[in-house]
Amino acid sequence: MVELLRGLRDCLYAEAEMHGPFVPVEPLNGFAKRITNLIPSENPVRALTSLEDLRQYVANVTLIPIDAARTNAVFGEGNPRARIMLVGEAPGADEDRLGRPFVGRAGKLLDKMIAAIGLSREELFIANILKSRPPGNRNPEPQEIAAHLPVLYKQMALIQPKFILCLGKVAGQTLLNSKGTLGSLRGKIHDYHGIPLLVTYHPAALLRNQRWKRPAWEDLQRLQKLYTPGIAPQ
Ligand code: URA
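Numbers given to residues run from 1 along each chain, matching the order in which its sequence is written. Two thresholds apply to this predicted model, a pLDDT of at least 70 for residue-level local features and 80 or more for giving and counting side-chain atom pairs, whereas whole-chain, interface and lining totals are computed over all residues. With hydrogens and water stripped out, all remaining heavy atoms of the structure feed into the side-chain values.

A. Geometry of the overall build of the protein. Under the DSSP-based scheme used, a helix requires at least four consecutive residues in state H or I and a strand at least two consecutive residues in state E, with every element numbered from the N terminus. Summing up its helical and strand segments, the protein has 11 helices and 6 strands in all. When a residue's accessible area, from a 1.4 Å probe over protein chains only, is under 20% of the maximum for its type it is buried; when over 50% it is exposed; and in between it is partly exposed. Looking at the protein residue by residue over its 234 residues, the buried ones come to 47%. The contact criterion used is simple: two residues touch if any of their non-hydrogen atoms lie within 4.5 Å. Pairs at least 24 apart in sequence give 71% of the contacts found in the protein among residues at least 6 apart. Surface accessibility follows the Shrake-Rupley procedure with a 1.4 Å probe radius. Residue values consider only the protein chains on display as shielding. With an accessible surface of roughly 12100 Å², the protein has 55% of that area assigned to carbon and sulfur atoms.

Take a look at the structure:
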(Lines give C-alpha, C1' and ligand atoms only; values in the text may rest on other atoms or scores of the structure.)
Protein backbone atom coordinates (compact mmCIF):
# COMPACT_ATOMS: atom_id res chain seq x y z
CA MET A 1 0.00 0.00 0.00
CA VAL A 2 2.80 2.40 1.02
CA GLU A 3 4.63 1.51 -2.20
CA LEU A 4 1.49 2.22 -4.22
CA LEU A 5 1.06 5.65 -2.59
CA ARG A 6 4.75 6.45 -3.15
CA GLY A 7 4.38 5.50 -6.82
CA LEU A 8 1.34 7.75 -7.12
CA ARG A 9 3.19 10.62 -5.44
CA ASP A 10 6.18 10.22 -7.79
CA CYS A 11 3.84 10.24 -10.80
CA LEU A 12 2.26 13.49 -9.58
CA TYR A 13 5.69 15.08 -9.03
CA ALA A 14 6.84 14.01 -12.49
CA GLU A 15 3.63 15.40 -13.99
CA ALA A 16 4.05 18.68 -12.07
CA GLU A 17 7.60 19.03 -13.38
CA MET A 18 6.37 18.68 -16.95
CA HIS A 19 3.13 20.67 -16.77
CA GLY A 20 3.29 22.75 -13.57
CA PRO A 21 1.46 22.08 -10.30
CA PHE A 22 -1.63 19.94 -10.49
CA VAL A 23 -4.77 22.06 -10.56
CA PRO A 24 -7.90 19.96 -10.92
CA VAL A 25 -9.80 20.82 -14.10
CA GLU A 26 -13.26 22.10 -13.28
CA PRO A 27 -16.10 20.95 -15.48
CA LEU A 28 -16.90 23.78 -17.93
CA ASN A 29 -19.63 26.03 -16.57
CA GLY A 30 -22.00 27.96 -18.86
CA PHE A 31 -19.68 30.97 -18.96
CA ALA A 32 -16.67 28.83 -19.88
CA LYS A 33 -18.65 27.13 -22.68
CA ARG A 34 -19.78 30.46 -24.13
CA ILE A 35 -16.25 31.90 -23.95
CA THR A 36 -14.75 28.79 -25.53
CA ASN A 37 -17.16 29.22 -28.43
CA LEU A 38 -15.53 32.59 -29.16
CA ILE A 39 -12.24 30.81 -29.95
CA PRO A 40 -12.01 29.83 -33.63
CA SER A 41 -12.25 26.03 -33.90
CA GLU A 42 -8.90 25.75 -35.73
CA ASN A 43 -7.02 27.78 -33.06
CA PRO A 44 -4.61 25.47 -31.14
CA VAL A 45 -5.44 27.01 -27.74
CA ARG A 46 -8.88 25.40 -27.95
CA ALA A 47 -7.42 21.98 -27.27
CA LEU A 48 -5.26 23.03 -24.28
CA THR A 49 -6.51 21.90 -20.89
CA SER A 50 -4.37 23.72 -18.31
CA LEU A 51 -3.12 27.23 -17.62
CA GLU A 52 0.43 25.88 -17.56
CA ASP A 53 0.12 24.39 -21.06
CA LEU A 54 -1.37 27.69 -22.24
CA ARG A 55 1.51 29.60 -20.63
CA GLN A 56 4.04 27.40 -22.45
CA TYR A 57 2.20 27.91 -25.72
CA VAL A 58 2.28 31.71 -25.30
CA ALA A 59 5.98 31.68 -24.33
CA ASN A 60 6.95 29.74 -27.45
CA VAL A 61 4.67 31.03 -30.19
CA THR A 62 5.08 34.01 -32.54
CA LEU A 63 1.62 35.10 -33.60
CA ILE A 64 2.46 38.71 -34.52
CA PRO A 65 5.70 40.67 -35.09
CA ILE A 66 5.81 42.15 -31.56
CA ASP A 67 5.99 38.58 -30.15
CA ALA A 68 9.39 38.19 -31.82
CA ALA A 69 10.63 41.51 -30.39
CA ARG A 70 9.69 40.98 -26.73
CA THR A 71 12.07 40.14 -23.87
CA ASN A 72 9.39 38.09 -22.10
CA ALA A 73 5.82 37.16 -22.79
CA VAL A 74 3.54 38.44 -20.02
CA PHE A 75 1.02 35.65 -19.64
CA GLY A 76 -0.65 36.98 -16.51
CA GLU A 77 -0.59 35.65 -12.97
CA GLY A 78 -2.62 34.98 -9.89
CA ASN A 79 -5.01 32.45 -8.49
CA PRO A 80 -5.98 29.80 -11.07
CA ARG A 81 -9.39 29.63 -9.37
CA ALA A 82 -9.79 33.41 -8.97
CA ARG A 83 -13.36 34.69 -8.54
CA ILE A 84 -12.27 38.07 -9.92
CA MET A 85 -10.22 38.60 -13.04
CA LEU A 86 -8.58 41.92 -13.90
CA VAL A 87 -7.83 42.66 -17.54
CA GLY A 88 -5.37 45.38 -18.58
CA GLU A 89 -4.15 46.48 -21.98
CA ALA A 90 -0.61 45.30 -22.68
CA PRO A 91 2.74 44.97 -20.93
CA GLY A 92 4.98 48.01 -20.58
CA ALA A 93 8.77 48.12 -20.28
CA ASP A 94 8.92 46.81 -16.68
CA GLU A 95 6.49 43.99 -17.41
CA ASP A 96 8.42 43.02 -20.56
CA ARG A 97 11.64 42.89 -18.57
CA LEU A 98 10.20 40.79 -15.71
CA GLY A 99 7.51 38.78 -17.53
CA ARG A 100 4.87 39.79 -14.96
CA PRO A 101 1.79 42.00 -15.30
CA PHE A 102 1.49 45.42 -13.67
CA VAL A 103 4.84 45.61 -11.91
CA GLY A 104 5.77 49.20 -12.84
CA ARG A 105 4.41 52.46 -11.41
CA ALA A 106 0.88 51.72 -12.60
CA GLY A 107 1.15 48.30 -10.97
CA LYS A 108 2.07 49.81 -7.62
CA LEU A 109 -1.05 51.96 -7.80
CA LEU A 110 -3.09 48.93 -8.84
CA ASP A 111 -1.88 47.10 -5.72
CA LYS A 112 -3.15 49.99 -3.59
CA MET A 113 -6.48 50.05 -5.44
CA ILE A 114 -7.13 46.36 -4.87
CA ALA A 115 -5.97 46.54 -1.24
CA ALA A 116 -8.45 49.39 -0.68
CA ILE A 117 -11.32 46.99 -1.38
CA GLY A 118 -9.87 44.23 0.76
CA LEU A 119 -8.26 42.17 -2.01
CA SER A 120 -4.75 41.01 -2.78
CA ARG A 121 -3.04 39.86 -5.95
CA GLU A 122 -2.99 36.29 -4.63
CA GLU A 123 -6.77 35.97 -4.80
CA LEU A 124 -7.15 37.59 -8.24
CA PHE A 125 -5.96 36.69 -11.70
CA ILE A 126 -4.41 39.63 -13.58
CA ALA A 127 -4.02 39.40 -17.34
CA ASN A 128 -3.77 41.68 -20.34
CA ILE A 129 -5.36 41.81 -23.79
CA LEU A 130 -1.87 41.56 -25.36
CA LYS A 131 0.82 39.30 -23.98
CA SER A 132 3.70 41.20 -25.66
CA ARG A 133 4.82 44.79 -25.27
CA PRO A 134 3.93 47.13 -28.13
CA PRO A 135 7.05 49.22 -28.90
CA GLY A 136 7.08 52.62 -27.20
CA ASN A 137 3.89 51.61 -25.36
CA ARG A 138 1.77 52.52 -28.39
CA ASN A 139 -1.86 51.35 -28.44
CA PRO A 140 -2.41 47.77 -29.58
CA GLU A 141 -3.33 47.42 -33.28
CA PRO A 142 -6.64 45.70 -34.10
CA GLN A 143 -4.86 42.76 -35.79
CA GLU A 144 -2.64 42.32 -32.71
CA ILE A 145 -5.71 42.21 -30.49
CA ALA A 146 -7.38 39.71 -32.82
CA ALA A 147 -4.30 37.45 -32.75
CA HIS A 148 -3.93 37.41 -28.94
CA LEU A 149 -7.56 37.52 -27.82
CA PRO A 150 -8.11 33.73 -28.08
CA VAL A 151 -5.43 33.30 -25.39
CA LEU A 152 -7.35 35.58 -23.02
CA TYR A 153 -10.58 33.74 -23.82
CA LYS A 154 -8.88 30.46 -22.98
CA GLN A 155 -7.56 31.93 -19.71
CA MET A 156 -11.12 32.94 -18.84
CA ALA A 157 -12.51 29.53 -19.77
CA LEU A 158 -9.96 27.75 -17.56
CA ILE A 159 -10.19 30.13 -14.58
CA GLN A 160 -13.97 30.59 -14.76
CA PRO A 161 -14.06 33.92 -12.89
CA LYS A 162 -17.32 35.20 -11.43
CA PHE A 163 -16.50 38.88 -12.06
CA ILE A 164 -14.31 40.77 -14.53
CA LEU A 165 -12.84 44.24 -14.07
CA CYS A 166 -11.42 45.88 -17.19
CA LEU A 167 -8.65 48.38 -16.57
CA GLY A 168 -8.92 51.10 -19.18
CA LYS A 169 -10.61 51.78 -22.49
CA VAL A 170 -8.73 49.24 -24.62
CA ALA A 171 -9.69 46.33 -22.36
CA GLY A 172 -13.29 47.56 -22.00
CA GLN A 173 -13.79 48.21 -25.71
CA THR A 174 -12.23 44.90 -26.68
CA LEU A 175 -14.22 42.66 -24.37
CA LEU A 176 -17.48 44.55 -24.85
CA ASN A 177 -16.89 44.84 -28.61
CA SER A 178 -17.65 48.55 -28.37
CA LYS A 179 -16.20 51.79 -29.62
CA GLY A 180 -17.59 53.68 -26.60
CA THR A 181 -15.57 56.14 -24.57
CA LEU A 182 -14.31 55.10 -21.15
CA GLY A 183 -16.88 57.48 -19.65
CA SER A 184 -19.69 55.62 -21.39
CA LEU A 185 -18.38 52.14 -20.49
CA ARG A 186 -17.70 52.74 -16.80
CA GLY A 187 -20.31 53.30 -14.09
CA LYS A 188 -22.43 50.29 -15.02
CA ILE A 189 -22.50 46.55 -14.66
CA HIS A 190 -22.29 44.85 -18.04
CA ASP A 191 -23.41 41.30 -18.70
CA TYR A 192 -20.39 39.53 -20.19
CA HIS A 193 -21.52 36.15 -21.45
CA GLY A 194 -23.44 35.67 -18.24
CA ILE A 195 -21.11 37.19 -15.65
CA PRO A 196 -20.85 40.82 -14.43
CA LEU A 197 -18.14 42.94 -16.02
CA LEU A 198 -17.13 46.44 -14.92
CA VAL A 199 -14.83 48.92 -16.62
CA THR A 200 -12.72 51.47 -14.78
CA TYR A 201 -9.81 53.79 -15.45
CA HIS A 202 -6.42 52.33 -16.20
CA PRO A 203 -4.07 52.98 -13.24
CA ALA A 204 -1.61 54.70 -15.62
CA ALA A 205 -4.39 57.16 -16.50
CA LEU A 206 -5.00 57.76 -12.79
CA LEU A 207 -1.32 58.61 -12.36
CA ARG A 208 -1.71 61.24 -15.09
CA ASN A 209 -5.00 62.72 -13.94
CA GLN A 210 -5.94 62.97 -10.26
CA ARG A 211 -9.51 64.01 -11.11
CA TRP A 212 -10.34 60.44 -12.16
CA LYS A 213 -9.46 58.99 -8.76
CA ARG A 214 -12.91 59.59 -7.29
CA PRO A 215 -14.88 57.93 -10.11
CA ALA A 216 -12.35 55.08 -10.10
CA TRP A 217 -12.95 54.63 -6.38
CA GLU A 218 -16.70 54.47 -7.05
CA ASP A 219 -16.08 51.75 -9.64
CA LEU A 220 -14.02 49.74 -7.16
CA GLN A 221 -16.71 50.07 -4.51
CA ARG A 222 -19.29 48.86 -7.02
CA LEU A 223 -17.14 45.80 -7.63
CA GLN A 224 -16.71 45.24 -3.90
CA LYS A 225 -20.48 45.34 -3.38
CA LEU A 226 -20.94 42.82 -6.18
CA TYR A 227 -18.59 40.20 -4.78
CA THR A 228 -19.42 40.78 -1.11
CA PRO A 229 -22.52 38.77 -0.23
CA GLY A 230 -25.17 40.79 1.57
CA ILE A 231 -24.29 44.18 0.04
CA ALA A 232 -26.64 45.12 -2.79
CA PRO A 233 -24.88 46.61 -5.85
CA GLN A 234 -26.12 49.99 -7.16
N1 URA B 1 -0.34 48.36 -18.30
C2 URA B 1 -1.13 47.32 -18.65
O3 URA B 1 -2.19 47.50 -19.24
N4 URA B 1 -0.74 46.11 -18.30
C5 URA B 1 0.38 45.85 -17.63
O6 URA B 1 0.66 44.70 -17.35
C7 URA B 1 1.17 46.96 -17.27
C8 URA B 1 0.80 48.20 -17.61
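B. Seen up close, the pairing of strand 2 (residues 84-88). Of all the 5 residues making up strand 2, 5 are buried; the element is thus mostly covered by neighbouring parts of the structure. In this structure, strand 2 lies alongside strand 3 (residues 124-128), joined through 5 bridges in parallel fashion. Bridged to Met85 within strand 3 is Phe125. Sheet topology note: the strand 2/strand 4 (residues 163-167) ladder contains 4 bridges and is parallel. By the bridge assignment, Val87 is partnered in strand 4 with Cys166. Strand pairing is assigned whenever DSSP identifies at least 2 bridges connecting the two strands.

C. Quick peek at the site of the ligand. Near the ligand you find Gly88, Glu89, Ala90, Glu95, Pro101, Phe102, Asn128 and His202, and these make up its full shell. Here a polar contact means two N or O atoms within 3.5 Å. Within protein one must be a hydrogen donor candidate and the other an acceptor candidate, and residues neighboring in sequence count only if both atoms are side-chain atoms. In this structure, Phe102 approaches the ligand through a main-chain N or O atom, which is 3.0 Å from an oxygen atom. Asn128 places a side-chain nitrogen or oxygen 2.8 Å from a nitrogen atom of the ligand. In this classification, the charged set is Asp, Glu, Lys and Arg, the nonpolar set is Ala, Val, Leu, Ile, Met, Phe, Trp, Tyr, Cys and Pro, and all remaining amino acids, among them Gly, are polar. Among the residues making up the shell around the ligand, the classes are represented as 3 nonpolar, 3 polar and 2 charged. Note on definitions. A residue lies near a molecule or strand when any single heavy atom of the residue is within 4 Å of it.

D. Layout of the packing of aromatic side chains. Centres within 6.5 Å make a pair out of two Phe, Tyr or Trp rings, where for Trp the six-membered ring is used; the pair is then stacked when the planes are under 30 degrees apart, edge-to-face when over 60, and tilted otherwise. Taken as a whole and assessed by the stated rule, the structure comprises 2 aromatic pairs. Relative to Tyr192, the ring of Phe31 has its centre 6.4 Å away and its plane inclined at 55°; by these criteria the two rings are tilted. With Phe31 in helix 2 (residues 30-36) and Tyr192 in strand 5 (residues 190-192), this pair connects stretches of sequence that are 161 residues apart. The buried category is assigned to Phe31, whose relative accessible area is 3%. Plain terms: the ring middles of Tyr201 and Trp212 are 5.2 Å apart, the flat faces sit at 15° to each other, and that makes the pair stacked. One end of the pair, Tyr201, is in the loop between strand 6 (195-200) and helix 10 (203-208); the other, Trp212, is in the loop between helix 10 and helix 11 (213-227), and 11 residues separate them in sequence.

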